[in-house]
Amino acid sequence: MRLQGKAAVITGAASGFGAGMAERFAAEGAAVWLVDRDPGGAALAAAIRAGGGRAGFSQADVSAEADIGAAFGAAASAFGGLDIVCNNAGIPQATMPLEETDPATFDRLFAINVRGVFLGCRAAIPLLRARGGGAILNTSSTAAIRPRPGLAAYNATKAAVSSLTRTLALEAAPHRIRVNCVCPVAGDTPMLTGFFAPGRDPDEARAAFIATIPLGRLSTPADVAAAAVYLCSDEAAMVTGAALEVDGGRDV
Ligand SMILES: NC(=O)c1ccc[n+]([C@@H]2O[C@H](COP(=O)([O-])OP(=O)(O)OC[C@H]3O[C@@H](n4cnc5c(N)ncnc54)[C@H](O)[C@@H]3O)[C@@H](O)[C@H]2O)c1
């Protein structure tokens, strides 16, 4: 039980990597508060409780400051404080040339993928300080390290998440708050199809992603959850400002 006694908030927890983190964190002894705009997160929280864990859910849009405040506040009061905040919610973009990418798409990507992480970090700091320290984990991507063509706006959001993570690691260190990010390669989650170019055959697009990954498969929620457990646990007590690649060798 590597997270025994910890209380965690996870955004984007109704699906994919976030759902994987919520299940694994609960299995490692953490109380978990799931946050998602999708009300389906309530069913996962109920399933965790049915399995003997402690879990709750807030429906919230991470790009809305009031939503984040209400969700994190509900988590802190339910659990008597917070030790871990995982800012994981995000959206994809369809592969297309930059000059064909609608500015409204760019704005929406930055609102959720960057502003959402900024607001989550901003709300986390006073809560973690009240506990005497803690861990923040942001979900970045290999997109921040080795960008693929056709994803300029999405790639830029993840570069921003990685940069924000490193800056906040320095700012928060005096408060004993560690700030890291995880950089998964293309993942076997519902998001994947959102990256496909319009009209592209889905099987072909999936195979094209896999062909670029040396270990020969997509990342999974279990892969990302395992990295998240490490980075959010006391085993990583000396690790801050890191961007841990969960990428099957994609960034080598
Ligand atoms: N799947 C991949 O290929 C991949 C690779 C690297 C990084 N990532 C990143 O991992 C994170 C999780 O992605 P995933 O693959 O699990 O996707 P997913 O679509 O399975 O899950 C994302 C979750 O975020 C939620 N969400 C989206 N916008 C939200 C908002 N405004 N407010 C609250 N919740 C919101 C969705 O409802 C969904 O439950 C994202 O930040 C994504 O960019 C994904």
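In what follows, the structure referred to is the one given above.
Undergrad: Hey, could you go over the nonpolar core for me, with residue numbers and the actual values?
TA: Ranked by internal contacts, the top residues of the largest apolar core, which has 47 residues, are V9, L82 and I136. Elements represented by at least two residues in this core include exactly β1 (7-11), β2 (31-36), α3 (65-79), α4 (103-130), α5 (152-172), β6 (177-184) and α6 (202-211). Of all the elements, α4 adds the most residues to this core, at nine residues.

Undergrad: Summarise the site of the ligand; cite the residues concerned and give the values.
TA: Taken together, 29 residues sit near the ligand, with S15, D36, Y154, G187 and T189 positioned nearest. Contacts to the ligand include S15, whose side-chain N or O atom sits 2.6 Å from an oxygen atom. For the ligand, an oxygen atom lies 2.7 Å from a polar atom in the side chain of Y154. Out of a free accessible area of 830 Å², the ligand has 95% covered by protein chains. Listing elements by their share of the shell around the ligand, those giving two or more residues are α1 (16-27) and α5. Class assignment for the residues of the shell around the ligand results in 14 nonpolar, 10 polar and five charged.

Undergrad: How would you explain the packing of α4 against α5 if you had to name every residue and give the values?
TA: Helix-helix packing: each pair is described by the crossing angle between the helix axes and the interaxial distance. Viewed as axis vectors pointing N to C, α4 and α5 meet at an angle of 15°, and their least axial separation amounts to 9 Å. Compared by their axis directions, α4 and α5 come out roughly parallel. The handedness of the crossing between α4 and α5 comes out as right-handed. Of the residues in α5, those touching α4 at F106, L109, F110, N113, V114, V117, F118, C121 and I125 are A153, Y154, A156, T157, K158, A160, V161, L164, L168 and A172.

Parameters and conventions
Residues numbered from 1 in each chain as written. Predicted model: local features only at pLDDT ≥ 70, side-chain atom pairs only at ≥ 80, totals over all residues. Heavy atoms only, no water. Core = buried A, V, L, I, M, F, W, Y, C linked by side-chain atoms within 4.5 Å. Buried < 20%, exposed > 50% of the residue type's maximum accessible area, 1.4 Å probe, protein only. Helix = DSSP H or I, 4+ residues; strand = E, 2+ residues; numbered from the N terminus. Near = heavy atom within 4 Å. Polar contact = N/O pair within 3.5 Å; in protein donor to acceptor, adjacent residues only side chain to side chain. Areas by Shrake-Rupley, 256 points an atom, 1.4 Å probe, with all protein chains shown as cover. Nonpolar A, V, L, I, M, F, W, Y, C, P; charged D, E, K, R; others polar. Axes fitted to C-alpha atoms, helices over the stretch in contact; angles between N-to-C directions. Parallel < 35°, antiparallel > 145°, perpendicular 65-115°, else oblique. Left-handed = near helix turned anticlockwise from the far one by under 90°. Contact = heavy atoms within 4.5 Å.

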